[in-house]
Amino acid sequence: MIRLGGWCWYDADISNQLDPDKCGKWMYFFDDQAFAMRICEKAILENVCCKCKCTDMQTTGSSTGVLCFYLNGDDIDAHHKVIQFMINND
């Protein structure tokens, strides 16, 4: 995890699989920083996505944040994986 610009970034070794012309994200809004950080770590460890981030509420001073799972827009299997991960983790 890297803290940068108000975000906590999580990256897999295969993050270069994202195509800048096709990359998009699924978002989850939260108010529990510890939960968001655990979910980001878990998503990377379980290969749900190759890159994700969550708001660094400590740095931004926010009471809420957003978690983003990045994937290519045309990767249908990846969308299914992220959706199922979100369902499985409430």
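Attention here is on the structure that accompanies the text.

### Topic: the overall build of the protein
In step 1: Along the backbone of the protein there are three helices and five strands.
In step 2: For the protein, whose C-alpha radius of gyration is 12 Å, the value lies close to the compact-globule estimate of 12 Å for 90 residues.
In step 3: Expressed along its principal axes, the backbone C-alpha trace of the protein runs to roughly 35 × 25 × 20 Å.
In step 4: By residue count, 39% of the 90 residues in the protein fall in the buried class.
In step 5: For the protein, contacts bridging at least 24 residues in sequence account for 69% of all contacts bridging at least 6.
In step 6: Carbon and sulfur atoms make up 52% of the accessible area of the protein, which totals about 5,500 Å².
In step 7: Between the centroid of the 8 positive side chains of the protein and the centroid of its 13 negative side chains there is a distance of 3 Å.

### Examining the sheet that holds strand S2 (residues 7-11)
In step 1: The five strands are arranged S1-S2-S4-S5-S3 in an open sheet whose pairing can be described as antiparallel. Edge positions in the open sheet fall to strand S1 (2-4) and strand S3 (23-30), since each of these has one partner strand only. Neighbour-to-neighbour, the strand axes of the sheet open up by a mean angle of 25°, direction not taken into account.
In step 2: As defined by bridge partners, strand S4 (residues 51-55) adjoins strand S5 (residues 65-72) across four bridges and the pair is classed as antiparallel. Bridged to Lys-53 within S5 is Cys-68.
In step 3: In this fold helix H1 (residues 33-45) packs onto S1, S2, S3, S4 and S5, with an angle of close to 175° to the strand it touches most, S4.

### Thoughts on the side chain of Asn-72
In step 1: When you line up the elements, Asn-72 lands in strand S5.
In step 2: On the basis of relative accessibility, which here comes to 14%, the residue Asn-72 falls in the buried class.
In step 3: There is a polar contact of 2.8 Å between the side chain of Asn-72 and the backbone nitrogen of Asp-19.
In step 4: When residues no more than four places from it in sequence are discounted, the contact partners of Asn-72 are Gln-17, Leu-18, Asp-19, Lys-22, Cys-23 and His-79.

The rules behind these values
- Residues numbered from 1 in each chain as written.
- Predicted model: local features only at pLDDT ≥ 70, side-chain atom pairs only at ≥ 80, totals over all residues.
- Heavy atoms only, no water.
- Helix = DSSP H or I, 4+ residues; strand = E, 2+ residues; numbered from the N terminus.
- Rg over C-alpha atoms; globule rule 2.2 N^0.38 Å.
- Buried < 20%, exposed > 50% of the residue type's maximum accessible area, 1.4 Å probe, protein only.
- Contact = heavy atoms within 4.5 Å.
- Areas by Shrake-Rupley, 256 points an atom, 1.4 Å probe, with all protein chains shown as cover.
- Lys, Arg positive; Asp, Glu negative; His and termini not counted.
- Charge placed at Lys NZ, Arg CZ, Asp CG, Glu CD.
- Pairing = 2+ DSSP bridges.
- Axes fitted to C-alpha atoms, helices over the stretch in contact; angles between N-to-C directions.
- Polar contact = N/O pair within 3.5 Å; in protein donor to acceptor, adjacent residues only side chain to side chain.

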